[in-house]
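# Chain and residue survey
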Amino acid sequence: MYDGVELIPRPERSPAALKAALAVVAADRLPEMIDGQTGAMAEAIASGSVQPIRSFVAHWAAVVQIERHPATARAYHRANYLANHAGTVQECREHAAAVAELYRTAYAAVNT
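For the structure given in this document, a descriptive report is provided here. (Residues numbered from 1 in each chain as written. Predicted model: local features only at pLDDT ≥ 70, side-chain atom pairs only at ≥ 80, totals over all residues. Heavy atoms only, no water.)

## Considering the overall build of the protein chain
Along its length, the protein chain carries five helices and zero strands. The helix and strand sequence of the protein chain, counted from the amino end, reads α-α-α-α-α. Classification of the 112 residues of the protein chain by burial places 33% in the buried group. Total accessible area computed for the protein chain in this model is approximately 6,500 Å², and 58% of it derives from carbon and sulfur atoms. For the protein chain, the distance from the average position of its 10 positive side-chain charges to the average position of its 11 negative side-chain charges is 4 Å. (Helix = DSSP H or I, 4+ residues; strand = E, 2+ residues; numbered from the N terminus. Buried < 20%, exposed > 50% of the residue type's maximum accessible area, 1.4 Å probe, protein only. Areas by Shrake-Rupley, 256 points an atom, 1.4 Å probe, with all protein chains shown as cover. Lys, Arg positive; Asp, Glu negative; His and termini not counted. Charge placed at Lys NZ, Arg CZ, Asp CG, Glu CD.)

Pasting the structure below:
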């Protein structure tokens, strides 16, 4: 659903670059990202694997991909809101499917 309008160029796939990008496109989500980074680091240390850090970067790269495209971000947030406030289970499923599809598209765009 990318309309060609980008608020910022796609950042590098590093925690620092993603954090800087998120500060521009969705600063309100920085505490969530920092908590996620702390959790990923703790899990990486406990498990002796870098996979939690890779998963953290992949997820936040997708989030930034969504947020840097205004039309996509609006559609994503609207569908998420409607899924959480749906009047029926069917409406919730439909909106949740839209959220999932937008996320999958963003994830694939930055993690291939």
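Resuming the write-up.
## Some remarks on helix α3 (residues 51–67)
The end-to-end C-alpha separation of α3 is 24 Å, in line with the 24 Å expected for 17 residues at 1.5 Å each. In this structure, the buried residues of α3 make contact with α1 (15–25), α2 (30–47), α4 (70–84) and α5 (89–110). (Expected span 1.5 Å × (residues − 1). Contact = heavy atoms within 4.5 Å.)

## A look at the nonpolar core
Counting 24 residues, the largest nonpolar core has L18, L22, M33, F56 and W60 as its most contacted members. Elements supplying a minimum of two residues to this core: α1, α2, α3, α4 and α5. (Core = buried A, V, L, I, M, F, W, Y, C linked by side-chain atoms within 4.5 Å.)

## With respect to the packing of aromatic side chains
Applying the stated criterion across every chain yields a total of one aromatic pair. For the ring pair Y103 and Y107, a centre distance of 6.0 Å and an interplane angle of 35 degrees mean the geometry is tilted. You can see Y103 and its partner Y107 sitting in helix α5, four residues apart, about one turn around the helix. Residue class for Y103 comes out partly exposed when judged on its relative accessible area of 22%. (Phe/Tyr/Trp six-rings, centres within 6.5 Å; stacked < 30°, edge-to-face > 60°.)

## With respect to the pattern of salt bridges
Enumeration according to the criterion identifies three salt bridges in this entry. Close ionic contact of R68 with E6 constitutes a salt bridge, the shortest N to O distance being 3.2 Å. Placement of the pair is R68 in the loop between α3 and α4 and E6 in the segment before α1, with a sequence separation of 62 residues. Overall, the relative accessible area of 3% leaves R68 in the buried class. Overall, the relative accessible area of 43% leaves E6 in the partly exposed class. (Salt bridge = Lys/Arg side-chain N within 4 Å of Asp/Glu carboxyl O.)

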